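Observations on chain architecture
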Amino acid sequence: RTKDRNARALTWAGFRAHAPQLWVRPNNFAEPIDATRRRLAGLGLSDKTTICVLSEAEPDTLAQLWDTRQLNALHQQSMRALEQSTRGLERLKPVRQLEETFRLGRAAIRVLVADPLLPEDLCPGVFRQRHTEVMLVYDDRARRLWQNFI
């Protein structure tokens, strides 16, 4: 259904439903509205959807639309899993190393991709930044394991 496809596209782009027919996100990207339309269309948004830019909104109203505690918790959980895995990878058999790096790497990417990249005043990006750094180190190690396998 178009409604479900639109909701999925808007959610993936960091929007949240403010009212039944109104989805919003902070305007913290330097992106022209045409580029936003193309990006959303690429995610499956219907071309019949109206897109506009609001210049102001009540901050408290916007802040309630995103569960920033949960968002930060997801970054922290993934980061801890990557750090724990890094410490224990050498003790695993090679096939288990590959399985674990694939599983945890995929989970970390999912958390990072789903992050709506909210402005600092709504959700400080310190956990996202640290998670990204840990993931890149983990990815480098995992790539070496996979290259040895291939």
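Here the structure is shown first, and the text comes after it.
Residues numbered from 1 in each chain as written. Predicted model: local features only at pLDDT ≥ 70, side-chain atom pairs only at ≥ 80, totals over all residues. Heavy atoms only, no water.

Turning next to the overall build of the protein. When you go through the protein residue by residue, the secondary structure sums to six helices and two strands. Computed over C-alpha atoms, the radius of gyration of the protein comes to 19 Å, more than 25% over the 15 Å expected from 2.2 N^0.38 for 150 residues, which places it beyond the range of a compact globule. Across its three principal directions, the C-alpha atoms of the protein cover 55 × 30 × 25 Å. Put simply, the protein has 150 residues, and 34% of those count as buried. Sequence-distant contacts in the protein: of pairs separated by 6 or more residues, those separated by 24 or more amount to 70%. Surface accessibility of the protein: about 10,500 Å² in total, with carbon and sulfur atoms responsible for 54%. Distance between charge centroids for the protein: 8 Å, based on 24 positive and 18 negative side chains. (Helix = DSSP H or I, 4+ residues; strand = E, 2+ residues; numbered from the N terminus. Rg over C-alpha atoms; globule rule 2.2 N^0.38 Å. Buried < 20%, exposed > 50% of the residue type's maximum accessible area, 1.4 Å probe, protein only. Contact = heavy atoms within 4.5 Å. Areas by Shrake-Rupley, 256 points an atom, 1.4 Å probe, with all protein chains shown as cover. Lys, Arg positive; Asp, Glu negative; His and termini not counted. Charge placed at Lys NZ, Arg CZ, Asp CG, Glu CD.)

Now for the pattern of salt bridges. Applying the stated criterion across every chain yields a total of eight salt bridges. A salt bridge links R96 to E99; the nearest nitrogen and oxygen atoms lie 2.6 Å apart. Taken together, the residues span about one helical turn, with R96 and E99 both in helix α5 (residues 94-114) at a distance of three residues. With relative accessibility at 48%, the residue R96 sits in the partly exposed group. Among the salt bridges present, the one from E133 reaches R130, with a minimum N-O distance of 3.8 Å. (Salt bridge = Lys/Arg side-chain N within 4 Å of Asp/Glu carboxyl O.)

This part is about the pairing of strand β1 (residues 16-19). Bridge count for β1 against strand β2 (residues 22-24) is three bridges, and the pairing is antiparallel. Bridging from a neighbouring strand, R16 pairs with V24 of β2. Where β1 folds back onto β2 in an antiparallel hairpin, the turn is made up of two residues. (Pairing = 2+ DSSP bridges.)

Ranked by size, the top nonpolar core spans eleven residues in total: M79, L82, L89, L98, L104, A108, L112, V134, M135, Y138 and L145. Secondary-structure elements contributing two or more residues to this core are α4 (68-88), α5 and α6 (126-149). Among residues more than four places away in sequence, those in contact with M79 are R130, H131 and V134. (Core = buried A, V, L, I, M, F, W, Y, C linked by side-chain atoms within 4.5 Å.)

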